[in-house]
Amino acid sequence: MAEATALVEVSNLAKYFDVSKPWLNRVLERDKRQILKAVDGVSFSIPKGRTFSLVGESGCGKSTVARTVVGLYQPTKGKTVFDGVDTADLKSRRAQRPFRRRVQMIFQDPYASLNPRWRVRDIIAEPIRAHGLLSGQDVDDRVDDLLTHVKLTPQDGAKFPHEFSGGQRQRISIARALASSSEFLVCDEPTSALDVSVQAQILNLMKDLQRELDLTYLFISHNLAVVYHVSDWVGVMYLGRLVEWAEKRTLFRFPRHPYTRMLLDTIPDLDMTGRERVPVAGEVPNPINPPSGCPFHPRCAFANERCQSELPKALPTAEGTMVACHAVEEDRLPLEDRKTVPVLAGGNDGAGV
Ligand SMILES: Nc1ncnc2c1ncn2[C@@H]1O[C@H](COP(=O)(O)OP(=O)(O)OP(=O)(O)O)[C@@H](O)[C@H]1O
Ligand code: SF4
Ligand SMILES: [Mg+2]
């Protein structure tokens, strides 16, 4: 993504989890240590004011990327550079403060992320006070302003989270995330738990706020319609790796990787171009024991011997896509020009993976 200076640069990020049994069990049962490579060598950058989305089937590592980028997990390898600063260099709590203020996360379940015993006003005011941004009446004025920004009312501040609908609760989460004047929001399936009509409202609100406040988003979803609606760039993940990434329209129109094509095959053909909607075939292998070579090879119709032994490197295509696939590199996979794009509407079932 070379169009503007990146606010966020993720390089070769990896996060491994030790999922071994306890030592004694391993000794008695002669089991080896087991390492799960949830994320393994992911790189992307996001210019200020833009949205990069991650899409892929359940368990491919989307949330782990999100949590590692915001600092909830320590990376096993690689780094995240935010506004020119390597986050690994922020050793003390004091040094981390500006990063913690400027970067916020929005989760799928707003109810779980809002303290049920606090009034909404206090929930939104908490980051303002914690970062010492304002005091006294100014805090209340700022909370009123934030509530209005997310299309709630200042009177809503006196209520508790359980008095709101799911969509309204997600608005409260967004107001809270913005309270510290954050610039980078990592949104992990923020609308997946919502009704489709409400989903569109929240996504449109997020897009409006992005334009108004020049926000940068890392957006995570398994829903292709949602991803198409919100993104500038899209990265497709499979078993902890990015297998293809490109500008949104290029990715949806000229998908190159067989896995991306498989995901896009699930999009309903609303334009009646004659393309059949195909359900996703096969299952994601166990990440503790991934297939050799290209991890997608057991599910891939184009796999050859090389695919079984050699991990494909991501290479650029003439269309401006980055794709990690031997068949694309060997020119064995003809370019497809797809006309079907997912539509985000109340009637659309939101093609999902
Ligand atoms: N804390 C953890 N300890 C051990 N394994 C983990 C941990 N967190 C995630 N994993 C494993 O890492 C892999 C990636 O998980 P992750 O939650 O990042 O996937 P995801 O793409 O967000 O999936 P979903 O779409 O279901 O949310 C999975 O195999 C998961 O079981
Ligand atoms: S590298 Fe081989 S197995 Fe992997 S997606 Fe490409 S053709 Fe299929
Ligand atoms: Mg997840």
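This text gives an overview of the structure that appears in the document. (Residues numbered from 1 in each chain as written. Chains lettered and ligands numbered in written order. Predicted model: local features only at pLDDT ≥ 70, side-chain atom pairs only at ≥ 80, totals over all residues. Heavy atoms only, no water.)

**Details of the packing of aromatic side chains**
- One pass over the structure, following the stated rule, counts eight aromatic pairs.
- A ring pair is formed by phenylalanine 17 and tyrosine 73, whose centres lie 5.4 Å apart and whose planes are at 80°; its orientation type is edge-to-face. Residue phenylalanine 17 is found in strand β1 (residues 6-18), and its partner tyrosine 73 is found in the loop between α2 (62-69) and β4 (77-82); the two are separated by 56 residues along the sequence.
- For phenylalanine 17, a relative accessible area of 26% puts it in the partly exposed group.
- Note on tyrosine 73: relative accessible area 26%, which makes it partly exposed.
- Ring plane angle 75° and centroid distance 5.6 Å describe the contact between phenylalanine 82 and phenylalanine 99, whose orientation is recorded as edge-to-face. Taken together, the residues span a long stretch of sequence, with phenylalanine 82 in strand β4 and phenylalanine 99 in helix α3 (residues 93-102) at a distance of 17 residues. Phenylalanine 99 shares its class with phenylalanine 82; the two are buried. (Phe/Tyr/Trp six-rings, centres within 6.5 Å; stacked < 30°, edge-to-face > 60°. Helix = DSSP H or I, 4+ residues; strand = E, 2+ residues; numbered from the N terminus. Buried < 20%, exposed > 50% of the residue type's maximum accessible area, 1.4 Å probe, protein only.)

**So, the nonpolar core**
- By size, the foremost hydrophobic cluster in this structure holds 36 residues, and its most contacted members are Ile124, Ile174, Leu185 and Leu209.
- Elements with a minimum of two residues in this core: α5 (120-130), α6 (137-149), α7 (166-178), β7 (184-188), α8 (196-213), β8 (216-220) and α9 (224-230).
- Setting aside anything within four residues of it in sequence, one finds isoleucine 174 in contact with Ile106, Val150, Ile202, Leu205, Met206 and Leu209. (Core = buried A, V, L, I, M, F, W, Y, C linked by side-chain atoms within 4.5 Å. Contact = heavy atoms within 4.5 Å.)

**Focus: the layout of surface pockets**
- Of the voids in this model, the largest pocket is the one considered here, and its volume is about 600 Å³.
- As for the largest pocket, its lining consists of 22 residues, and the residues nearest its centre are Arg100, Val103, Gln104, Met105 and Arg176.
- Taken together, the elements giving at least two residues each to the lining of the largest pocket come down to α3, β6 (103-106), α5 and α7.
- Top element by residues in the lining of the largest pocket is α3. It accounts for five residues. (1 Å grid on protein atoms, 1.4 Å probe; cavity = no way out; pocket = protein on both sides within 12 Å on 5 of 7 lines; lining within 4 Å. Points joined across faces, edges and corners; volume = space filled by probe spheres on them.)

**A short note on α8**
- Helix length check: α8 (18 residues) gives 26 Å between terminal C-alpha atoms against 26 Å at 1.5 Å per residue, within 8%.
- Residues Gln199, Ala200, Ile202, Leu203, Leu205, Met206, Leu209 and Gln210 constitute the buried set of α8.
- Looking at the buried residues of α8, the elements they touch are β3 (51-55), α6, α7, β7, β8 and α9.
- Remark: aspartate 214 follows α8 within two positions and exhibits a positive phi of approximately 55°. (Expected span 1.5 Å × (residues − 1).)

**A word on the site of ligand 1**
- Residues in close proximity to ligand 1 total 13 residues, the closest being Ser58, Gly59, Lys62, Ser63 and Thr64.
- Here an oxygen atom of ligand 1 sits 3.1 Å away from a polar atom, N or O, in the main chain of glycine 61.
- Threonine 64 is positioned such that a nitrogen or oxygen atom in its side chain is 2.5 Å from an oxygen atom of ligand 1.
- Notes on ligand 1: free accessible area 640 Å², of which the protein chains cover 65%.
- Contributing elements (two or more residues each) for the shell around ligand 1: β2 (35-47) and α2.
- Residues of the shell around ligand 1, tallied by class, amount to seven nonpolar, five polar and one charged. (Near = heavy atom within 4 Å. Polar contact = N/O pair within 3.5 Å; in protein donor to acceptor, adjacent residues only side chain to side chain. Areas by Shrake-Rupley, 256 points an atom, 1.4 Å probe, with all protein chains shown as cover. Nonpolar A, V, L, I, M, F, W, Y, C, P; charged D, E, K, R; others polar.)

**Here's the deal with empty space enclosed by the protein**
- One pass over the full model with this rule turns up one cavity of 30 Å³ or more.
- As a volume, the largest cavity reaches approximately 70 Å³.
- Along the walls of the largest cavity sit His257, Pro258, Cys294, Phe296, His297, Cys300, Phe302, Ala303, Cys307, Cys325, His326 and Ala327, which together make up its complete lining.
- By residue class, the composition of the lining of the largest cavity is nine nonpolar, three polar and no charged.

**Details of the pairing of β6**
- Side chains Val103 and Met105 project from β6 onto one buried face, and the interleaved Gln104 and Ile106 project onto a second face that is buried too.
- The sheet contact formed by β6 and β7 spans four bridges and is parallel. The partner of isoleucine 106 across the bridge, within β7, is cysteine 187. (Pairing = 2+ DSSP bridges.)

**Observations regarding the packing of α5 against α7**
- Remark: α5 packs on α7, axes separated minimally by 7 Å, with the N-to-C direction vectors making an angle of 30°. Here α5 lies roughly parallel to α7, going by the angle between them. The residues of α7 that touch α5, namely those facing Val120, Ile123, Ile124, Glu126 and Pro127, are Ile172, Ala175 and Arg176.
- Grouping the constituent residues of the contact of α5 with α7 by class yields six nonpolar, no polar and two charged. (Axes fitted to C-alpha atoms, helices over the stretch in contact; angles between N-to-C directions. Parallel < 35°, antiparallel > 145°, perpendicular 65-115°, else oblique.)

**Looking at a nonpolar patch on the surface**
- Taken together, Trp23, Leu24, Val27 and Leu28 make up a surface patch of nonpolar side chains, about 480 Å² in accessible area.
- Summarising the element assignment, leucine 28 is placed in helix α1 (residues 23-29).
- Judged by its relative accessible area of 67%, leucine 28 falls in the exposed class. (Patch = residues over 30% accessible without salt bridge, like charges linked within 9 Å, V, L, I, M, F, W, Y side chains within 5 Å. Salt bridge = Lys/Arg side-chain N within 4 Å of Asp/Glu carboxyl O.)

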